[in-house]
Amino acid sequence: MSFWSQHVLPRLVESACKSREILEERRRWVPEARGRVLEVGVGSGLNLAFYDPARVERVTGVDPSPELLAKCAPRARAAEVPVTLVETHAERLPFDHGAFDTVLATYTLCSVLDPARVLAEVRRVLAPGGELLFVEHGLAPDADVRRWQRRLTPAWSRCGGGCRLDRELPRELRDAGYRVDELRAHYGEGPRVLSYTFEGRARPG
């Protein structure tokens, strides 16, 4: 593993994910989780302070980065809900069928190697009636912005730990057999090629 991915990238990821706008997104969506929660791409644990202990039984956070999980550990210990951290890739979740009531993904599905496989794994581990909560950036609706997203993605992905600017989450969810129950799509702060955001909830259909 390169010095960049071990030491530089985890710091950049954490810094980018502390913006005021992303903080508001966390406050809006993390408290919606209930029961047994799986957080896919828990990273350095910036969501952990927002779980509602009156609604959540426990949180299992998974991430492939040992460096980010090391940053996450103190936040896991300080959380108001029980937290277990597991180093693994979301394409192969080491959990039983129906093990979770909620899966949360915030700025994660843009970076996974195989989003279709990840969404299939999320379906597998969700209990009947469970839901996926998501906040993700992706492909914008405007043609000029989309062109630049597609042009920039190869270089951006190499520097950004696999992050892609051109994923169209609502379509990927439908293709994976989910019903999107709530969706808010909008440009956020910052450059339009980076900031088009999807927020919402979906259930296996």
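The structure this text deals with has already been given above.
Residues numbered from 1 in each chain as written. Predicted model: local features only at pLDDT ≥ 70, side-chain atom pairs only at ≥ 80, totals over all residues. Heavy atoms only, no water.

Draft legend 1. View of the overall build of the protein chain. Across its full length, the protein chain holds seven helices and seven strands. When the helices and strands of the protein chain are read in sequence order from the N terminus, they spell out α-α-β-β-α-β-β-α-β-α-α-β-α-β. For a compact globule of 205 residues, the expected C-alpha radius of gyration is about 17 Å, and the protein chain comes in at 16 Å, within 12% of that figure. Overall, the protein chain is about 45 × 40 × 30 Å in size when its C-alpha atoms are taken along their principal axes. In the protein chain, of all internal contacts separated by at least 6 residues, the share reaching a separation of at least 24 is 69%. When the accessible area of the protein chain is evaluated, it comes to approximately 9,900 Å², of which 53% is carbon and sulfur surface. Averaging the positions of the 31 positive and the 29 negative side-chain charges in the protein chain gives two centres separated by 3 Å. (Helix = DSSP H or I, 4+ residues; strand = E, 2+ residues; numbered from the N terminus. Rg over C-alpha atoms; globule rule 2.2 N^0.38 Å. Contact = heavy atoms within 4.5 Å. Areas by Shrake-Rupley, 256 points an atom, 1.4 Å probe, with all protein chains shown as cover. Lys, Arg positive; Asp, Glu negative; His and termini not counted. Charge placed at Lys NZ, Arg CZ, Asp CG, Glu CD.)

Draft legend 2. Up close: the nonpolar core. Ranked by internal contacts, the top residues of the largest apolar core, which has 29 residues, are Leu38, Phe95, Val103, Leu132, Leu173 and Tyr178. Only strand S1 (35-40), strand S4 (100-106), helix H4 (115-125), strand S5 (126-137), helix H6 (169-175) and strand S7 (196-204) provide two or more residues apiece to this core. The biggest single contributor to this core is H4, with four residues. Residues in contact with Leu38, not counting those within four places in the same chain, are Thr60, Val62, Leu93, Phe95, Phe100, Thr102, Val103, Leu104 and Val125. In terms of nonpolar packing, the next biggest core, distinct from the first, is built from 20 residues, Val30, Val37, Leu69 and Leu133 among them. (Core = buried A, V, L, I, M, F, W, Y, C linked by side-chain atoms within 4.5 Å. Buried < 20%, exposed > 50% of the residue type's maximum accessible area, 1.4 Å probe, protein only.)

Function-wise, these values are silent; they only describe arrangement.
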